[in-house]
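# Observations on the three-dimensional arrangement
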Number of protein chains: 2
Amino acid sequence: MNLILLFEDDFVSDDEVRLSGRRLEHVMNVHRANAGDELKVGVCGGRIGSGIVTRLDDALEMRVTLDRDPPPPIPLTLILALPRPKVLNRVIASATSLGVKRIHLVNAWRVEKSYWKSPKLSHENLLLQRTLGLEQAKDTILPDISLHRLFRPFVENELPSIANGSLALVAHPHAQAECPRAVEGAVMLAIGPEGGFIAEEIASLERIGFQAVSIGARVLRVETAVAALIGRLY
Amino acid sequence: MNLILLFEDDFVSDDEVRLSGRRLEHVMNVHRANAGDELKVGVCGGRIGSGIVTRLDDALEMRVTLDRDPPPPIPLTLILALPRPKVLNRVIASATSLGVKRIHLVNAWRVEKSYWKSPKLSHENLLLQRTLGLEQAKDTILPDISLHRLFRPFVENELPSIANGSLALVAHPHAQAECPRAVEGAVMLAIGPEGGFIAEEIASLERIGFQAVSIGARVLRVETAVAALIGRLY
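Attention here is on the structure that accompanies the text. (Residues numbered from 1 in each chain as written. Chains lettered and ligands numbered in written order. Predicted model: local features only at pLDDT ≥ 70, side-chain atom pairs only at ≥ 80, totals over all residues. Heavy atoms only, no water.)

### Concerning the sheet that holds strand S5 (residues 48-56) of chain A
Residues and elements named next belong to chain A.
- In space, the 6 strands of this open sheet follow the order S1-S4-S5-S6-S3-S2, with mixed pairing throughout. Every interior strand has two partners, whereas the edge strands, strand S1 (4-6) and strand S2 (11-13), have only one. Strand-to-strand twist of the sheet, defined as the mean angle between neighbouring strand axes without regard to direction, takes the value 40 degrees.
- Pairing between strand S3 (residues 16-19) and strand S6 (residues 60-68): 4 bridges, direction antiparallel. (Pairing = 2+ DSSP bridges. Helix = DSSP H or I, 4+ residues; strand = E, 2+ residues; numbered from the N terminus. Axes fitted to C-alpha atoms, helices over the stretch in contact; angles between N-to-C directions.)

### Remarks on helix H3 (residues 123-137) of chain A
All names here are of chain A.
- Counted at 1.5 Å a residue, the expected span for H3 with its 15 residues is 21 Å, and the 21 Å between its end C-alpha atoms agrees.
- Listing the buried residues of H3 in full gives Asn125, Leu126, Gln129, Arg130, Thr131, Gly133, Leu134, Glu135, Gln136 and Ala137.
- Check the buried side of H3 and you find it contacts S1, helix H1 (21-29), helix H2 (85-97) and strand S9 (144-148).
- Positive backbone phi, at 55 degrees, marks Lys138, one or two positions downstream of H3. (Expected span 1.5 Å × (residues − 1). Buried < 20%, exposed > 50% of the residue type's maximum accessible area, 1.4 Å probe, protein only. Contact = heavy atoms within 4.5 Å.)

### Side note on empty space enclosed by the protein
- Scanning the model with the defined rule gives 1 cavity of 30 Å³ or more in all.
- Taken together, A:Arg90, A:Ser94, A:Arg221, A:Glu223, A:Thr224, A:Ala227, B:Arg90, B:Ser94, B:Arg221, B:Glu223, B:Thr224 and B:Ala227 make up the lining of the largest cavity.
- Looking at the lining of the largest cavity, the elements with two or more residues in it are H2 and helix H6 (222-233) of chain A together with helix H2 (85-97) and helix H6 (222-233) of chain B.
- The residue makeup of the lining of the largest cavity, split by class, is 2 nonpolar, 4 polar and 6 charged. (1 Å grid on protein atoms, 1.4 Å probe; cavity = no way out; pocket = protein on both sides within 12 Å on 5 of 7 lines; lining within 4 Å. Points joined across faces, edges and corners; volume = space filled by probe spheres on them. Nonpolar A, V, L, I, M, F, W, Y, C, P; charged D, E, K, R; others polar.)

### A short note on the relation of the copies chain A and chain B
- With an RMSD of 0.0 Å, chain A superimposes on chain B once it is rotated by 180 degrees and translated 0.0 Å along the axis. On the angle and the small slide along the axis, the relation comes out as a two-fold axis. (Least-squares fit on C-alpha atoms with pLDDT ≥ 70 in both.)

### Some remarks on the pairing of strand S8 (residues 102-106) of chain A
Residue and element names in this part refer to chain A.
- For S8, the buried fraction is high: 4 of the 5 residues fall into the buried class.
- Regarding the hand of the β-α-β motif, the stretch spanning strand S7 (residues 76-81), H2 and S8 is right-handed.
- Summarising the sheet, S8 and S9 pair through 5 bridges and their orientation is parallel. Across the sheet, residue Val106 finds its bridge partner in S9, namely His148.
- Viewed along the sheet, the connection from S8 through H3 into S9 turns out right-handed. (Right-handed = clockwise from strand over helix to strand, strands pointing away.)

### A word on the sheet that holds strand S12 (residues 187-191) of chain A
Residues and elements named next belong to chain A.
- In spatial order, the strands read S9-S8-S7-S12-S10-S13-S11; together these 7 strands make up an open sheet with parallel pairing. What marks the edges here is a single partner per strand, and that holds for S9 and strand S11 (177-178).
- When S11 meets strand S13 (residues 211-214), the two strands line up parallel, connected through 2 bridges. Each bridged residue has a counterpart across the sheet, and for Glu178 the counterpart in S13 is Ser214.
- Across the face of the sheet, helix H4 (residues 151-163) comes into contact with S7, S8, S9 and S12 while running at roughly 160 degrees to S8.

### Some points on the interface of chain A and chain B
- Each partner contributes to the interface: chain A provides 27 residues, whereas chain B provides 27 residues.
- For the chain A and chain B pair, buried surface summed over both sides reaches about 2,400 Å², with 52% attributable to carbon and sulfur atoms.
- Broken down residue by residue, the surface that chain A buries against chain B is led by A:Arg218, A:Val219 and A:Arg221, which jointly contribute 28%.
- The interface formed by chain A and chain B contains 2 salt bridges.
- Linking chain A to chain B there are 10 residue pairs in polar contact (both at pLDDT 80 or more).
- When residues of the side of chain A that touches chain B are traced back to their parent elements, those giving at least two are H2, H3 and H6 of chain A. (Buried area = accessible area lost by both parts, 1.4 Å probe. Salt bridge = Lys/Arg side-chain N within 4 Å of Asp/Glu carboxyl O. Polar contact = N/O pair within 3.5 Å; in protein donor to acceptor, adjacent residues only side chain to side chain.)

Right, here's the structure in full:
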């Protein structure tokens, strides 16, 4: 936790917050803070700054000063075949830490149906994973996540207008084209499930202007691929 | 498991293997293979090819044909402050999947002493994590891992000759210089612990020719940073 993310409900006055639960425990047990210490804070959706600890026992109270903007986002929209629940948390936190602000989780042929029933998809869990990513990267702007349980209607009806004006890429191990580097401007990046998108799915994406690109013969886990591709693109 | 990694001990004749344990279970329960199916295999340290399942019950037997070289390695040596045990497995598997062939795990001021006592550092576990990384990326060449419990002797006495001829970089959030992109040739990349290398450690690395480079204001988890930096460098 390199920054403590604050929400509206945490404020007890204009510049004072009171926290409990996970954040209190982290500041006690990991930061091992004391009254008077200064901690880095940021308001969800707003600015970052510092908080002076004024009380730390069964609650954490701080007086906060917000004086800087969060780091700039990266103009990349991630379209991710719904990963295994075990992997989902790490991917969401990691993409968030990298500065992604728009994530579409979509179905695909090789996504197991049971994944859509996972409690990891709850609003609470998705909020927690994004919060962890923001706290890691000292950012405050939550990425939007939307779920699309049907691949074709999403790709054919919704994606064309979302992708409008972006460089649209789908990572595909067998693609001929190499993934571009150091692009300027918006990118829409689709990443398939374990085992990859099937040929028909790649074709659907190509029909609406996506280009299949490769980053080499190595098949990467989705969270590794997301970070490596973003490192390459920006 | 996109490739089943075979070891010398698995061979019962020149082209026949017999497997049990983790690989047997995976092929049964995840691949759900049957006799006659063809699976991708590779020999540790050698070539890749395919195996035809000839028996699958309390053992997995295959007849294997090896006809291709593994994907080329990336010429990057990773110098990693020993991560938290929980993170170590993912970092090793992920760096291996990205094609890294040389990993030095080193101590640093902000590495907790207890990390060096973790059972995750056992030979068996480090071999397993590298195997998982190779199986993921369809590679066969195990990276070397070495452990250095003292930062200064390693940096002052060993690292200069290891780094000789490489572009030597240390990832540091506060560095002025940007991390280069798409380099040709060997890179030595040092990545600090959570909280970063301390100024003195950065100075030690700079004295032997390392350049401190940044990939932006965002502080990334080590496994995310490794993948993003490698994606950027190669």
